[in-house]
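# A closer look at the structure
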Amino acid sequence: MRSAIHTSFGEPVDVLSLGDQPMPHPAAGEVRIKTLLAPIHNHDLWTIRGRYGYKPELPAIGGSEAVGVVDALGPHVEGVAVGQRVAVAGVHGTWAEYFLAPARLLVPMPEAIPDEVAAQLIAMPLSALMLLEFLNVKPGQWIAQNTANGAVGKTLAMLASARGVQVLNLVRRDEAVQALSDLGIAHVLSTAQTDWTQRASALLGPSGAYAAVDSIGGAASAALLALLGEGGTLVSFGTMAGEPMQIDSGAMIFKQATVKGFWGSKVSEAMSPQDKRRLLGELIQRILSGDLQLPIEAIYDLADAAQAAAASLQPGRKGKVLLKP
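If you're wondering where the values come from, they're calculated on a predicted model, not measured in any experiment.

## Here we look at unusual backbone geometry
Here the bond from L58 into P59 is cis, since omega is -5 degrees, no more than 30 degrees from zero. By the element assignment, P59 lies in the loop between α2 (42-49) and β4 (60-61). The phi dihedral of N136 is positive, around 55 degrees, even though this residue is not glycine. Within the fold, N136 resides in the loop between α4 (123-135) and β9 (142-145). Backbone geometry places Q256, a non-glycine residue, at a positive phi of 50 degrees. Take Q256: it is sitting in the loop between α9 (249-255) and β14 (258-261). Judged by relative accessible area, Q256 falls into the exposed class, the value being 53%.

Below, the structure written as structure tokens:
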């Protein structure tokens, strides 16, 4: 089967290529899925670099999420039918014509949700929704986040707004402000403007932010910490800068702030099946109601996976880059 593979770890644009891999066969509790579309996530690219929490054996097929059609059932699989369209995340090898997934992870997709949306519905949106619950933020309280124009940032802003939570959305380029505004996202500030900290403080008011989400690291961490109110929580979600978080010890002490890490995979593992179904149900309803939008930038053939990976790293994207077998 056609697959986007890498035989070594490195920059995706350098190591990804089209390969011919054996068709997988489902074991007990698994299904085989014929891929319709699969997204490129940042954690997929970090995995290819060999610098993520999961390191695959080589040669490896990229990808961790997809929408597809159930093609074959392994032993002891119940409640799933061949031909059923499903979405799944937290798996491996989705950048191929076929991949395997545990039956328990499948999410049946309503016909009203198109493939382009279904392909990216779980990993990032579910992480954003789990993050909202992880923060224990209440309606009317403020969250501050950087890289608000990223996939999780946009989703977090939309889902928080739907729950009545206020979000201060920080971006690093002036043109990104309008792009978020076009999606109906409010309270967007560009850190390229010299007065952004004053404007941020004016929005947050004297109580400051209840929580902040840092996806950059480095000096950006200290900037978010400064926006927290007393007893606030700073969550490390990513490290776009590739640098350690810079934390002002004075601000930590006098704000009595807490710094935590958030890894969606671990949080998802610890979540009860009932809670996960509840959150997935909310995501589907938010999509159908229009509260949540998941735009795409482009769709590439598997043969162009390296080019697609490069495109996914470009600033100013309007949405996800997807791969099609």
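Following the structure, the description resumes.
## Digging into the pairing of strand β1 (residues 2-6)
Of all five residues in β1, four are buried; the element is thus mostly enclosed. With four bridges connecting them, β1 and strand β2 (residues 17-20) associate as antiparallel partners. Following the sheet pairing, A4 is matched in β2 by L18. Where β1 lies against β4, two bridges are found, and the strand directions are antiparallel. Across the sheet, H6 pairs through a bridge with A60, a residue of β4.

## What to know about the side chain of Q145
Note that Q145 resides in strand β9. Non-local contacts of Q145, meaning those with residues more than four positions away in its chain, are made with G153, L156, A157, V167, L168, N169, L170, V213 and L224.

## Quick look at the packing of aromatic side chains
If you walk through the whole model with that rule in mind, you get three aromatic pairs. With centroids separated by 5.8 Å and ring planes inclined at 85 degrees, the aromatic side chains of Y52 and W263 adopt a geometry described as edge-to-face. Linking Y52 in the loop between α2 and β4 with W263 in the loop between β14 and α10 (264-270), this pair joins segments that are 211 residues apart in sequence. Residue class for Y52 comes out partly exposed when judged on its relative accessible area of 30%. The interplanar angle of 20 degrees and the centroid separation of 5.7 Å between the aromatic rings of F237 and F262 together place this pair among those described as stacked. Placement of F237 in the loop between β13 (228-236) and α9 and of F262 in the loop between β14 and α10 is noted, with a sequence separation of 25 residues between them. Using a relative accessible area of 6% as the deciding quantity, one classes F262 as buried. An aromatic cluster is defined as three or more aromatic residues linked by ring pairs; in this entry it consists of F134, F237 and F262. In this arrangement the basic side chain of K55 is found over the ring face of F9, its NZ or CZ atom lying 5.0 Å from the centre.

What counts, and at which threshold
- Residues numbered from 1 in each chain as written.
- Predicted model: local features only at pLDDT ≥ 70, side-chain atom pairs only at ≥ 80, totals over all residues.
- Heavy atoms only, no water.
- Helix = DSSP H or I, 4+ residues; strand = E, 2+ residues; numbered from the N terminus.
- Buried < 20%, exposed > 50% of the residue type's maximum accessible area, 1.4 Å probe, protein only.
- Pairing = 2+ DSSP bridges.
- Contact = heavy atoms within 4.5 Å.
- Phe/Tyr/Trp six-rings, centres within 6.5 Å; stacked < 30°, edge-to-face > 60°.
- Lys NZ or Arg CZ within 6 Å of the ring centre and 35° of its normal.

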